[in-house]
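Summary of the model geometry
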Amino acid sequence: MKVLDKKSDIRSEIEDARRSGKKIGFVPTMGFLHQGHISLIRRAKEDGCFTIVSIFVNPLQFRPGEDFHRYPRDTNRDLSMLESESVDAVFTPSTEEMYKKPHLTEVSLSNISEKLEGAFRPGHFRGVCTVVTKLFNIVKPDRAYFGWKDAQQLIIIKKMVSDLDFNIEIIPAPTVRDPDGLAASSRNTYLSLQERKRALVLSRALQKIKEMVEFQQITDAAALIECGKEIINSENVELQYLEAVELENLEPVHTIKKNTGVLGAIKVGNVRLIDNIIWE
Ligand code: PAF
């Protein structure tokens, strides 16, 4: 497994792989890997791709006062996990390598970037889209893998790829959950044992909504959201949003059907957590 921190080195490594006839599969990450990332890597490997993982905590997607400085980092642990998964190459650029100064160009999508997460984290998706565009231009993957856990991010990236004519197939993968139901996330490490118990209310509410839709055939979005909110508000957490939306454009829907989802965010102490259920 090659670990490279220069754009020029990762580019030539990828060119060699491409010349040998391999498809390039790319899993962008901010490190502190968990089973969600591993499932994306396994999917890329199963697809027969030369598999590249990037580890870069992107300062541009954190707002002042957010957790950029305390975001969990453990590159040695990440690299040994990636080695065990037989990843072909890892790109670990520094901030200076990624953003040569002055860096004046940003990529942003109007409308869908401002809803849900965007309303609570203005500018977040501009940072995500800018770094993902740069990474796509460096790696030039055939396929890039993203988890449904960050549903809004996935939807925005798919739209960006289509709008900007990137010749990249975006492969979505299901959310991976811990045995207690909590969606895998690097930020789970911030939770104390007590907070973790409280945090489970979000996946519990979503699971209840899923059961109501799938077993009781209740599809009225307002009724489902009301029930979900009641469950979340019964716990000592701050509900930030819980909304039923169309997956393509994140517009609110009245009825749950194919291509809709319920997306939610809560704050447990100082920790923000997101989760969702989708009907693809
Ligand atoms: O999902 C993430 O970890 C990040 O937002 C991403 C896509 C790696 C961009 O920094």
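Here, every reference points to the structure presented above.
Every chain is numbered on its own, with residues counted from 1 as its sequence reads. In view of the model being predicted, local features appear only for residues whose pLDDT reaches at least 70, and side-chain atom pairs are presented and counted only at 80 or more, with totals across whole chains, interfaces and linings using the full set of residues. To obtain the side-chain values, all non-hydrogen atoms of the structure were included, while hydrogens and water were left out.

1. Some thoughts on the pattern of salt bridges
For salt bridges, the criterion is a side-chain nitrogen of Lys or Arg within 4 Å of an Asp or Glu carboxyl oxygen. Here the structure, examined in full by the defined rule, presents 24 salt bridges. Glutamate 15 is the partner of arginine 18 in a salt bridge, and the nearest nitrogen-oxygen pair spans 3.9 Å. Taken together, the residues arginine 18 and glutamate 15, both in helix α1 (residues 7–19) and three residues apart, mark about one turn of the helix. Each residue is placed in one exposure class: buried if its accessible area under a 1.4 Å probe, protein chains only, is under 20% of its type's maximum, exposed if it is over 50%, and partly exposed if it falls in between. For arginine 18, a relative accessible area of 26% translates into the label partly exposed. Residues arginine 18 and aspartate 142 are paired through a salt bridge, measuring 3.5 Å at the closest nitrogen-oxygen approach. Here the residue arginine 18 occupies a position in helix α1, and aspartate 142 occupies one in the loop between α6 (124–139) and β5 (143–147), the gap between them amounting to 124 residues. Under the relative-accessibility criterion, aspartate 142 is labelled partly exposed at 22%. Elements are defined by DSSP. Helices are runs of H or I of four residues or more, strands are runs of E of two residues or more, and each kind is numbered from the N terminus.

2. Quick look at the sheet that holds strand β7 (residues 238–246)
Any two strands are treated as partners once DSSP identifies two or more bridges connecting them. If you walk across this open sheet you meet the three strands as β7-β8-β9, and the pairing is antiparallel. Lying at the two open borders of the sheet, with one neighbouring strand each, are β7 and β9 (271–279). Taking each pair of neighbouring strands and ignoring which way they run, the sheet shows an average axis angle of 10°. Sheet analysis places strand β8 (residues 260–268) next to β9, joined by nine bridges and oriented antiparallel. For glycine 264, the partnering residue across the bridge sits in β9 and is aspartate 275. Convention adopted: a line fitted to C-alpha atoms gives each axis, helices being fitted over their contacting stretch, and angles between N-to-C directions are expressed from 0 to 180 degrees.

3. Considerations on the site of the ligand
Around the ligand, the structure places Pro28, Thr29, Met30, Asn58, Gln61, Val131, Phe146 and Gln153. Glutamine 153 places a polar side-chain atom, nitrogen or oxygen, 2.7 Å from an oxygen atom of the ligand. Notes on the ligand: free accessible area 290 Å², of which the protein chains cover 89%. Residues were grouped as follows: Ala, Val, Leu, Ile, Met, Phe, Trp, Tyr, Cys and Pro as nonpolar; Asp, Glu, Lys and Arg as charged; and all remaining residues, including Gly, as polar. For the shell around the ligand, a count of residues per class yields four nonpolar, four polar and no charged. Residues are counted as near a molecule or strand when any one of their heavy atoms sits within 4 Å of it. In protein, a polar contact requires one atom able to donate a hydrogen and another able to accept it; more generally it is a pair of N or O atoms within 3.5 Å, and residues adjacent in sequence count only if both atoms are side-chain atoms. Each accessible area is a Shrake-Rupley estimate made with a 1.4 Å probe; only the visible protein chains count as cover when residues are assessed.

4. Structural notes on the packing of helix α8 (residues 193–216) against helix α9 (residues 221–233)
Where α8 contacts α9, the two axes come as close as 9 Å, and the packing angle between them is 150°. As judged from the angle between their axes, α8 and α9 are roughly antiparallel. In the packing of α8 onto α9, the handedness of the crossing is right-handed. Contacts from Val201, Leu202, Ala205, Lys208, Ile209, Met212 and Val213 of α8 reach α9 at Leu224, Cys227, Gly228, Ile231 and Ile232. Split into classes, the residues belonging to the contact of α8 with α9 amount to ten nonpolar, one polar and one charged. Angular relationships are summarised with four words: roughly parallel below 35 degrees, roughly antiparallel beyond 145, roughly perpendicular across 65 to 115, and oblique for the angles in between. The handedness criterion is simple: a crossing whose near helix is rotated anticlockwise from the far helix by less than a right angle is left-handed, and one whose near helix is rotated clockwise is right-handed. The contact definition used throughout considers only heavy atoms, calling two residues in contact when any of these lie within 4.5 Å.

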